[in-house]
Amino acid sequence: MTVAPPLRLSDCQLRLPTFEGPLDVLLRLIERNQLDITDVSLVAVTDQFLAYVAALSNTPPELLAEFTAVASRLLALKSRSLLPAPPQEIEEPEPDDLTRQLQAYQAVKAAAEHLQARERSGLRAFARPPARLEGLPVTEHLAPVPLPLLLRALRRCLGRGRPAPRPYRPTPIITLAQMTSRLLSRLRDRSRFSALLGDSPSRGEYLVGFIALLSLLRQRVVDATQATLFGEIEVWRLDSAAEAADD
Amino acid sequence: MTDSPIPALQLPLEQVAEEERAAALGALLFVASDPVPVAVLAQHIGCTPAEARAALEELAARLDAVGLMVQWCGEDQVQVVSSPRYARQVQRFLGLERTVRLSQAALETLAIVAYRQPITRGEIDTIRGVDSSGVLQTLLARGLIEPVGRLTAPGNPIQYGTTTEFLRFFGLGSLDELPPPPGGLPGPEDEG
Amino acid sequence: MTDSPIPALQLPLEQVAEEERAAALGALLFVASDPVPVAVLAQHIGCTPAEARAALEELAARLDAVGLMVQWCGEDQVQVVSSPRYARQVQRFLGLERTVRLSQAALETLAIVAYRQPITRGEIDTIRGVDSSGVLQTLLARGLIEPVGRLTAPGNPIQYGTTTEFLRFFGLGSLDELPPPPGGLPGPEDEG
């Protein structure tokens with residue numbers, strides 16, 4: 001650690017089998033490899049700090065925070081020295097590589113200070129808000145076509161050969177009478193109008209079918225209902241008129 | 001507009017040196033998403049509106065070199081926009097310009113019209129063997145063909161021909177510059 | 001990066017004269033709110049990426065006079081941002097609260113990520129000697145770092161890198177503007 005802890009922390013005098021002196025000095029010694037952390041009882045350090053704190057009339061929070069920081073660092077150093085390093089962690093320094101780690105940490109602190117200086121100076125840059133594009137007209141351009149491609153398209157079209165002309169087959173137009181009897185012959189208890197028209201009704205069949213339906217409604221042969229606008233029409237036979245319709 | 005100092009801001013002013021004003025206004029107008037009143041700009045750089053206007057003139061002169069310009073909205077509001085010189089690039093960059101390709105069907109139809117004009121839709125359909133109404137609409141919309149008359153036949157169908165846009169599109173001086181048509185293109189009835 | 005012509009575009013190029021390139025790029029980068037790959041810029045002004053880079057240098061020099069700067073995000077992406085010189089004015093103009101200062105731990109972690117990216121949490125913990133997960137969460141939430149990949153190692157841990165927001169936050173034109181990595185900061189294996 002390069003930053004000197006607050007005075008109060010150094011006031012905390014420790015008495016350990018291997019060390020006697022202020023807490024921050026202990027940390028420094030360990031970090032400089034001048035004291036083996038495995039020889040230090042962290043329980044004893046904590047106990048003595050707590051005793052020191054208890055003796056104070058009022059405890060500044062900064063002191064507690066500072067202790068926590070130092071203690072956690074001690075804890076990390078100790079656990080690292082006690083635990084075997086996982087074999088695949090290439091970056092993990094050996095316990096005896098503490099110097100290198102400290103150098104790295106110091107370098108990090110220097111870099112962090114540089115960032116902090118920039119942050120403090122308020123040297124921020126700002127980007128532009130995103131452009132609002134909605135509602136702007138989109139222009140379309142035709143990709144240029146080389147002239148030979150025009151000719152090639154024509155050749156391909158001619159080479160394809162024209163299909164044999166299809167003989168003209170006029171679609172038979174269903175009459176109102178035919179449609180009326182088709183509707184009635186298919187009508188069950190309650191049927192969907194579209195199902196009465198045929199397998200794949202044409203536009204014409206729809207048209208004639210609808211007129212047929214209207215005429216059957218008017219004659220009170222059937223009744224119908226449509227739940228929603230443009231929805232399916234349901235049709236059913238009115239019993240009283242059943243006979244009349246068969247005529 | 002007055003040269004008297006503007007009323008004190010609630011916030012302490014972040015005064016900008018006179019020679020820095022134009023650049024500071026550039027930064028402010030860069031991050032602004034809407035036109036900004038001159039008075040507001042003046043407040044934020046700690047000068048009078050008149051001084052801000054002078055700095056804006058200076059800024060406008062400098063912006064030209066970076067493809068931007070100062071745009072006034074009315075007398076008092078100002079914004080920075082990209083220079084119209086690069087409108088095409090900007091439009092395309094923002095995806096506001098699309099390039100569409102002519103389909104194979106459209107090219108076929110266009111070629112038939114080019115070599116056989118004036119020609120009706122029915123005649124095109126016969127040559128292509130498929131319905132061409134959709135393709136014709138596309139070509140009409142793109143201005144590559146246009147109605148040029150009506151056939152004196154039952155129904156008086158519209159006849160189509162190519163446009164000057166068609167010539168421009170293919171880089172032709174005139175229709176005579178079209179390469180000779182491939183054999184097999186059926187001529188109009190009256191030409192055999 | 002090569003000077004050979006770029007491969008054919010779907011779009012026809014809207015070529016910009018050489019002396020206009022810097023200004024045209026200024027217009028494009030003004031309307032783009034995010035970093036743009038140099039190759040894309042080159043396409044839109046009809047030049048090679050190398051030529052675009054030269055034009056970007058020219059643009060960067062000119063932008064200073066209008067309170068703006070070119071910010072590089074990695075090697076290949078570029079963005080125009082407001083100059084950090086006017087950060088205070090811009091921040092107040094945008095009505096931004098003074099941002100909460102970063103803690104010592106956050107700054108340390110950020111420094112490690114900045115110099116050693118891409119880097120995993122485990123690697124950061126090793127350098128700092130303490131658990132960094134809380135700090136990493138803070139930095140992620142503030143958009144200063146982001147996951148950039150995964151290490152090919154057991155557990156496939158996430159690797160982090162700095163963001164463009166990081167550059168803006170510290171007013172950096174690019175990562176190269178950070179001072180050279182301090183001695184002692186272990187580099188990734190392949191860089192020694």
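Refer to the structure printed above.
Conventions used here
Residues numbered from 1 in each chain as written. Chains lettered and ligands numbered in written order. Predicted model: local features only at pLDDT ≥ 70, side-chain atom pairs only at ≥ 80, totals over all residues. Heavy atoms only, no water. Helix = DSSP H or I, 4+ residues; strand = E, 2+ residues; numbered from the N terminus. Buried < 20%, exposed > 50% of the residue type's maximum accessible area, 1.4 Å probe, protein only. Areas by Shrake-Rupley, 256 points an atom, 1.4 Å probe, with all protein chains shown as cover. Pairing = 2+ DSSP bridges. Core = buried A, V, L, I, M, F, W, Y, C linked by side-chain atoms within 4.5 Å. Contact = heavy atoms within 4.5 Å. Buried area = accessible area lost by both parts, 1.4 Å probe. Salt bridge = Lys/Arg side-chain N within 4 Å of Asp/Glu carboxyl O. Nonpolar A, V, L, I, M, F, W, Y, C, P; charged D, E, K, R; others polar. Phe/Tyr/Trp six-rings, centres within 6.5 Å; stacked < 30°, edge-to-face > 60°. Lys NZ or Arg CZ within 6 Å of the ring centre and 35° of its normal. Polar contact = N/O pair within 3.5 Å; in protein donor to acceptor, adjacent residues only side chain to side chain. Axes fitted to C-alpha atoms, helices over the stretch in contact; angles between N-to-C directions. Parallel < 35°, antiparallel > 145°, perpendicular 65-115°, else oblique.

*Asks:* What should I look at first to understand the overall build of chain B in this one?
*Replies:* Along chain B, the regular secondary structure elements total 8 helices and 7 strands. By the burial criterion, 44% of the 192 residues in chain B qualify as buried. Of the roughly 9,400 Å² that chain B leaves accessible, carbon and sulfur atoms contribute 51%.

*Asks:* Is there a simple way to think about unusual backbone geometry in this case?
*Replies:* Residue Pro118(B) follows Gln117(B) across a cis peptide bond; omega there is -5 degrees. Secondary-structure assignment places Pro118(B) in the loop between α5 (104–116) and β5 (119–120). For Asn156(C), which is not a glycine, the phi torsion comes out positive at approximately 40 degrees. Within the element layout of this structure, Asn156(C) appears in the loop between β5 (145–150) and β6 (158–162).

*Asks:* Where do I start with the pairing of strand β3 (residues 77–82) of chain B in this structure?
*Replies:* It is a general feature of regular strands that their side chains alternate between the two faces of the sheet. All names here are of chain B. With 5 of its 6 residues buried, β3 lies for the most part within the structure. Where strand β1 (residues 36–37) meets β3, 2 bridges bridge the pair, whose relative direction is antiparallel. The residue of β3 that forms the bridge with Pro37 is Gln77. Examined bridge by bridge, strand β2 (residues 68–73) and β3 share 6 bridges and lie antiparallel to one another. Residue Gln71 lies in a different strand from β3, and its bridge partner there is Gln79. Turn length for the β2-β3 hairpin, with the two strands adjacent in sequence and antiparallel, is 3 residues, and the turn residue Gly74 shows positive phi of about 75 degrees.

*Asks:* Just checking my understanding: could you explain the nonpolar core for this structure?
*Replies:* Most often, soluble globular proteins keep nonpolar side chains buried together rather than apart. The biggest cluster of nonpolar side chains holds 62 residues, and the ones touching the most others in it are Leu41(B), Leu59(B), Leu41(C) and Leu59(C). In this view, Leu59(C) contacts Val66(B), Ala22(C), Leu25(C), Gly26(C), Leu29(C) and Val70(C); residues no more than four positions away in its chain are not counted. Residues Val145(A), Leu139(B), Phe166(B) and Phe169(B) belong to the second largest nonpolar core, which totals 35 residues.

*Asks:* Sorry, what's going on with the interface of chain A and chain B here?
*Replies:* Many analyses report the size of an interface as the accessible area lost when the parts associate. Counting residues at the interface gives 30 residues for chain A, matched by 42 residues for chain B. Buried area between chain A and chain B, both sides added, is near 3,300 Å², and the carbon and sulfur share of it is 67%. Linking chain A with chain B are 0 salt bridges, by the criterion used here. Looking at the side of chain A that touches chain B, the elements with two or more residues in it are β3 (139–142) and α6 (147–159) of chain A. Of all the elements, α6(A) adds the most residues to the side of chain A that touches chain B, at 10 residues. Grouping the amino acids of the side of chain A that touches chain B by side-chain chemistry returns 21 nonpolar, 2 polar and 7 charged. Two elements, β3(A) and strand β4 (residues 97–100) of chain B, share 4 bridges in a ladder whose sense is parallel. Paired with Leu142(A) across the two strands is Val100(B), which belongs to β4(B).

*Asks:* I keep staring at the packing of aromatic side chains and nothing clicks. Help me out?
*Replies:* Within a pair of aromatic rings, the relevant descriptors are the distance that separates the centres and the angle that separates the planes. Under the counting rule described, the total for this entry stands at 7 aromatic pairs over all chains. Judged by centre distance (5.0 Å) and plane angle (85 degrees), the rings of Phe169(C) and Phe170(C) are edge-to-face. Phe169(C) gets classed as buried once you look at its relative accessible area, which sits at 4%. Aromatic ring contacts, followed pair by pair, group Phe166(B), Phe169(B) and Phe170(B) into a single cluster. Sitting over the face of the ring of Phe30(C), Arg128(A) holds its NZ or CZ atom 3.9 Å from the ring centroid.

*Asks:* When you look at the environment of Leu50(A) in this model, what are you seeing that I'm missing?
*Replies:* Residues and elements named next belong to chain A. Here Leu50 is to be found in helix α3 (residues 42–55). Note on Leu50: relative accessible area 48%, which makes it partly exposed. Between the alpha carbons of Leu50 and Cys12 there is a distance of 9.8 Å; along the sequence they are 38 residues apart.

*Asks:* Explanation requested: the interface of chain C and chain A in the structure shown.
*Replies:* Taken together, the contacts link 50 residues of chain C with 37 residues of chain A. Both sides together, the interface formed by chain C and chain A hides about 3,800 Å², and carbon and sulfur atoms give 59% of it. On the chain C side of the contact with chain A, Arg101(C), Thr126(C) and Phe170(C) bury the most area, a combined 15% of that side's loss. Counting across the interface, chain C meets chain A through 2 salt bridges. With a closest N to O distance of 3.3 Å, Arg124(A) and Glu165(C) form a salt bridge. Between the two partners, chain C and chain A, sit 8 residue pairs in polar contact (both at pLDDT 80 or more). When contributions to the side of chain C that touches chain A are tallied by element, the ones reaching two or more residues are α1 (21–31), β2 (68–73), β3 (77–82), α4 (87–93), α5 (104–116), α6 (121–128) and α8 (164–169) of chain C. A total of 8 residues in the side of chain C that touches chain A trace back to one element, the largest contributor, which is α5(C).

*Asks:* Help me out: how do you make sense of the environment of Ala52(C) in this one?
*Replies:* Within the secondary structure, Ala52(C) is located in helix α3 (residues 49–63). Those residues in contact with Ala52(C), other than ones at most four positions away along the chain, are Leu25(C), Val38(C), Ala42(C) and Cys47(C).

*Asks:* Can you help me understand the sheet that holds strand β4 (residues 191–192) of chain A in this one?
*Replies:* Strands in a sheet are paired, the pairing made by backbone hydrogen bonds, and the direction either parallel or antiparallel. Residues and elements named next belong to chain A. Read from one edge of the open sheet, 3 strands run β4-β6-β5, paired in antiparallel fashion. The open sheet has two free edges, formed respectively by β4 and β5 (222–226), since each of these has just one partner strand. Strand direction decides the pairing type here: β4 and strand β6 (residues 233–237), joined by 2 bridges, are antiparallel. Residue pairing for β6: Arg192 is matched across the bridge by Glu234. Lying over the sheet, helix α9 (residues 203–218) contacts β5 and β6, oriented at roughly 120 degrees with respect to β5.

*Asks:* Even after reading the chapter, I still don't get the packing of α5(C) against helix α7 (residues 133–141) of chain C, so can you show me in this structure?
*Replies:* Residue and element names in this part refer to chain C. Orientation of α5 relative to α7, taken along the N-to-C sense of each, is 80 degrees, at an axis distance of 9 Å. Judged on the interaxial angle alone, α7 and α5 are roughly perpendicular. Taken together, the residues of α7 that come into contact with α5 (itself represented by Ala105, Ala106, Thr109 and Leu110) are Val135, Leu136 and Leu139. Taken together, the residues of the contact of α5 with α7 sort by class into 6 nonpolar, 1 polar and no charged.

*Asks:* Is there a simple way to explain the side chain of Ser82(B) in this structure?
*Replies:* As for its position among the elements, Ser82(B) is in strand β3. Ser82(B) sits in the buried class, given a relative accessible area of 18%. In this view, Ser82(B) contacts Gly67(B), Leu68(B), Met69(B), Val90(B), Ala27(C), Phe30(C) and Val31(C); residues no more than four positions away in its chain are not counted.

*Asks:* What exactly am I supposed to notice about the pattern of salt bridges here?
*Replies:* Where charged atoms from two side chains of opposite charge come close, those side chains can pair. Across all of its chains, the model carries 24 salt bridges over all chains by this definition. Where Arg53(B) meets Asp76(B), a salt bridge forms, and the shortest distance between an N and an O atom there is 2.9 Å. Of this pair, Arg53(B) sits in helix α3 (residues 49–63) while Asp76(B) sits in the loop between β2 and β3; the two residues are 23 residues apart in sequence, bridging distant segments of the chain. For Arg85(C), the salt bridge is made with Asp64(C), and the minimal N-O distance between the two is 3.1 Å. Taken together, the positions of Arg85(C) in the loop between β3 and α4 and Asp64(C) in the loop between α3 and β2 put the pair 21 residues apart, joining distant regions of the chain. By relative accessible area, which is 39% here, Asp64(C) ends up partly exposed. Ionic contacts of the salt-bridge type, sharing partners, join the residues Lys109(A), Glu108(C) and Arg128(C) into one network.

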